Amino acid sequence: MTCELVRQMLDGVIDREFSLELRNAVIEHTETCADCAAELDALRHTVNLLRMAPTPEHPPEWWIEGTFEKILRQQDLQAPVEHGRAPQLTFLDDK
Ligand SMILES: [Zn+2]
């Protein structure tokens, strides 16, 4: 398998569009080819970022049940928000 072919197939490998056999062939190539391995890593990284988006900018403990509603109410009342942070609510637009 050539590098050129592998590069063209990386998308399909990550999206699991290909058969296991074909994916393994590509993965096998990346194990012996640093360039294609780097390509695969970069693509995986990008895909992960896309899947995670929109990314909440708060730690998990911030999302304790009820906290979010509380902050929404605080916003309504224009009261100061806990932790001195302005809530980042723009990601709600996507829902
Ligand atoms: Zn290669």
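Residues numbered from 1 in each chain as written. Predicted model: local features only at pLDDT ≥ 70, side-chain atom pairs only at ≥ 80, totals over all residues.

Enquirer: Where do I start with the overall build of the protein chain in this structure?
Expert: Counting secondary structure elements, the protein chain contains 4 helices and 0 strands. Start at the N end of the protein chain and walk to the C end: the helices and strands fall as α-α-α-α. The proportion of buried residues among the 95 residues of the protein chain is 5%. Within the protein chain, residue pairs in contact and separated by at least 24 positions form 51% of the contacts whose partners lie at least 6 positions apart. (Helix = DSSP H or I, 4+ residues; strand = E, 2+ residues; numbered from the N terminus. Buried ≥ 20, exposed ≤ 12 C-beta atoms within 10 Å, placed from the backbone. Contact = placed C-beta atoms within 7 Å.)

Enquirer: Sorry if this is basic, but what is going on with the packing of helix 1 (residues 3–14) against helix 3 (residues 34–52) here?
Expert: A pair of packed helices is captured by two measures, namely the crossing angle of their axes and the spacing between those axes. Their axes nearest at 10 Å, the elements helix 1 and helix 3 cross at an angle of 25 degrees. Taken as axis vectors, helix 1 and helix 3 run roughly parallel relative to one another. Along this stretch, helix 1 crosses helix 3, giving a crossing that reads as right-handed. Contacts between helix 1 and helix 3 involve Cys3, Val6, Arg7, Leu10 and Ile14 from the first element and Asp35, Cys36, Glu39, Leu40, Leu43, Arg44 and Val47 from the second. Grouping the constituent residues of the contact of helix 1 with helix 3 by class yields 8 nonpolar, no polar and 4 charged. (Axes fitted to C-alpha atoms, helices over the stretch in contact; angles between N-to-C directions. Parallel < 35°, antiparallel > 145°, perpendicular 65-115°, else oblique. Left-handed = near helix turned anticlockwise from the far one by under 90°. Nonpolar A, V, L, I, M, F, W, Y, C, P; charged D, E, K, R; others polar.)

Enquirer: Help me out: how do you make sense of the environment of Cys33 in this one?
Expert: Examined against the element boundaries, Cys33 turns out to sit in the loop between helix 2 (20–32) and helix 3. Cys33 gets classed as partly exposed once you count the C-beta atoms within 10 Å, which come to 16.

Enquirer: I keep staring at the nonpolar core and nothing clicks. Help me out?
Expert: Where a protein is soluble and globular, its nonpolar side chains tend to be buried together. In this structure, Val6, Val13, Val26, Cys36 and Leu40 together form the largest nonpolar core, which totals 5 residues. Contributing elements (two or more residues each) for this core: helix 1 and helix 3. Every residue in contact with Cys36, bar those within four places of it in the chain, is listed here: Cys3, Val6, Arg7, His29 and Thr30. (Core = buried A, V, L, I, M, F, W, Y, C linked by C-beta atoms within 7 Å.)

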